[in-house]
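For reference, the chains in residue letters:
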Amino acid sequence: MLGKLLKFDIHSLGYSMLPMYAFLFVVAVISRVFDMMIHSKKIVATKALLMVSNTTHILVMVGVAILFVMLLIMSIDYYRNNIMTDQGYLMHTLPVTPYQLIASKAIVAMFYGIITLIFSYIIIAIDLGKPFWYQRIYTDIFNFMSKERAFWLCTGMLIYIFIYFIFLIQAVYLALNIGYSFAGRLRSIMVVAVCIVAYVVGKIGELIVIYMQPELDVDGMSRSEAMQICIPIFIIYLVLAFACYILSSQWLQRRLNLD
């Protein structure tokens, strides 16, 4: 049944995400066409053409950033509508447990997170006309360190962002479950309070890990030394995400009297 639920959630959230993917793709193609016109010897690059080209470039870059924000907002809003509102009463009649309901929403959010990351890379490649556009940024930002260290730093940053996204989704799900147990203004207050507590607990965990490490030279940090810091932080956020998942499921089960 979890597989059918995942399929349903993928389709439902996809209806909201696909129009944004399509719009950004069209803007990137238009930006590429204008850029090709500017660099063409057959066309005179007027100020108006340059302005339009620069505007489309900006729209693509801003659109990529907005895409990730909208994914987070829509994932949370979809969870709220699907679990907490009147639509949720129909969902709760399905032969699935609260654990499966929450797991399905989280897995779909992570799935679209990966899709959005890949899509954003393709969109930027179309906009710039360079399939390996990351190499220029890679060189400009990390030119002060070796290629191996730069690679591991970028890899660590991507893993951190992905794990933090998982934690953030689960923390907000927990906040919604707890907040919707209350009514009126107290509901919003509790949602915000739980989010703040989850954020603070995560940052305290990071600080403890960093504080427990000996003084390290960031510029001269080896890969093994970096792993001593990164891996415990990754584990902390994964544990916190799992804890939020368990608490959300238990809270939802109690709220719906499904024991």
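See the structure above.
No experiment lies behind these values; they were computed from the predicted model shown.

A.B. asks: Explain a nonpolar patch on the surface to me, using residue names and the numbers behind them.
C.D. replies: Together, Val192, Ile196, Tyr199, Val200, Ile204, Ile208, Tyr211 and Met212 line one region of the surface with nonpolar side chains, adding up to about 870 Å² of accessible area. One can find Tyr199 in helix H7 (residues 185-212).

A.B. asks: Any details on the packing of aromatic side chains? Residues and values, ideally.
C.D. replies: Tallied over the full model, the rule gives 10 aromatic pairs. When the centroid spacing of 6.0 Å and the interplanar angle of 85° are considered together, the rings of Tyr160 and Tyr237 count as edge-to-face. Here the residue Tyr160 occupies a position in helix H6 (residues 147-179), and Tyr237 occupies one in helix H8 (residues 223-255), the gap between them amounting to 77 residues. According to the relative accessible area criterion, Tyr237 is buried, its value standing at 1%. Between Tyr164 and Tyr237, the ring centres sit 5.1 Å apart and the planes meet at 75°, which makes this aromatic pair edge-to-face. Of this pair, Tyr164 sits in helix H6 while Tyr237 is found in helix H8, placing the two residues 73 residues apart along the sequence. Like Tyr164, the residue Tyr237 is buried in the burial classification.

A.B. asks: Pulling in residues and values, what's your account of the pattern of salt bridges?
C.D. replies: Under the definition given, this model contains 3 salt bridges. The residue Lys105 makes a salt bridge to Asp9 at a minimum N-O spacing of 3.2 Å. Highlighted residues: Lys105 in helix H4 (residues 98-128) and Asp9 in helix H1 (residues 2-38), separated in sequence by 96 residues. As far as the burial class goes, Lys105 and Asp9 line up, both buried. For Glu206, the salt bridge identified is with Lys203, shortest N-O distance 3.3 Å.

A.B. asks: How would you sum up the environment of Lys7? Please name residues and give values.
C.D. replies: Checked against the element boundaries, Lys7 lands in helix H1. Judged by relative accessible area, Lys7 falls into the exposed class, the value being 53%. Considering only alpha carbons, one finds Lys7 and Val108, 101 residues apart in sequence, at a separation of 8.9 Å.

A.B. asks: Any details on the state of the cysteines? Residues and values, ideally.
C.D. replies: According to the stated counting rule, one finds 0 disulfides in the structure shown. With no disulfide of its own, Cys244 lies closest to Cys195 among cysteine sulfurs, the gap being 9.4 Å.

A.B. asks: Describe H4, with residues and values.
C.D. replies: Spanning 31 residues, H4 covers 45 Å between terminal C-alpha atoms, matching the ideal 45 Å at 1.5 Å per step. Taken from the residues just after H4, Gly129 is the one with a positive phi, measuring 70°.

A.B. asks: Describe the side chain of Ser120, listing the residues and the values that go with them.
C.D. replies: You can see Ser120 is positioned in helix H4. Of the polar contacts made by the side chain of Ser120, one reaches the backbone oxygen of Thr116; its length is 2.7 Å. Once you skip the residues sitting within four places of it in the chain, Ser120 turns out to touch Val64, Leu67 and Phe68.

A.B. asks: Break down the environment of Val27 for me, citing the residues and quoting the values.
C.D. replies: Here Val27 shows up in helix H1. Judged by relative accessible area, which is 9%, Val27 ranks as buried. Between the C-alpha atom of Val27 and that of Ile126, which follows or precedes it by 99 residues, the distance is 9.9 Å. Once residues lying within four places of it in the same chain are set aside, the contact partners of Val27 are Thr56, Leu59 and Val60.

A.B. asks: Help me get a handle on the packing of helix H2 (residues 47-84) against H4, residues and values and all.
C.D. replies: The angle between the axes and the distance between the axes are what describe a pair of packed helices. One can describe the packing of H2 onto H4 by two numbers: an axis separation of 10 Å at closest approach and a directional angle of 170°. As judged from the angle between their axes, H2 and H4 are roughly antiparallel. Class assignment of the residues belonging to the contact of H2 with H4 gives a composition of 18 nonpolar, 6 polar and 2 charged.

A.B. asks: Just give me the short version of the nonpolar core, but keep the residues and values in it.
C.D. replies: Phe167 and Leu176 are the most contacted members of the largest nonpolar core, which has 55 residues in total. Going through the elements one at a time, H1, H2, H4, H6, H7 and H8 are the ones with two or more residues in this core. The leading source of residues in this core is H6, at 13 residues. In contact with Leu176, other than residues within four places in its own chain, are Ile76, Tyr79, Arg80, Met84 and Val191.

A.B. asks: Can you explain the environment of Leu128? Please cite residues and give values.
C.D. replies: Residue position: Leu128 is located in helix H4. Judged by its relative accessible area of 34%, Leu128 falls in the partly exposed class.

Parameters and conventions
- Residues numbered from 1 in each chain as written.
- Predicted model: local features only at pLDDT ≥ 70, side-chain atom pairs only at ≥ 80, totals over all residues.
- Heavy atoms only, no water.
- Patch = residues over 30% accessible without salt bridge, like charges linked within 9 Å, V, L, I, M, F, W, Y side chains within 5 Å.
- Areas by Shrake-Rupley, 256 points an atom, 1.4 Å probe, with all protein chains shown as cover.
- Salt bridge = Lys/Arg side-chain N within 4 Å of Asp/Glu carboxyl O.
- Helix = DSSP H or I, 4+ residues; strand = E, 2+ residues; numbered from the N terminus.
- Phe/Tyr/Trp six-rings, centres within 6.5 Å; stacked < 30°, edge-to-face > 60°.
- Buried < 20%, exposed > 50% of the residue type's maximum accessible area, 1.4 Å probe, protein only.
- Disulfide = S-S within 2.5 Å.
- Expected span 1.5 Å × (residues − 1).
- Polar contact = N/O pair within 3.5 Å; in protein donor to acceptor, adjacent residues only side chain to side chain.
- Contact = heavy atoms within 4.5 Å.
- Axes fitted to C-alpha atoms, helices over the stretch in contact; angles between N-to-C directions.
- Parallel < 35°, antiparallel > 145°, perpendicular 65-115°, else oblique.
- Nonpolar A, V, L, I, M, F, W, Y, C, P; charged D, E, K, R; others polar.
- Core = buried A, V, L, I, M, F, W, Y, C linked by side-chain atoms within 4.5 Å.

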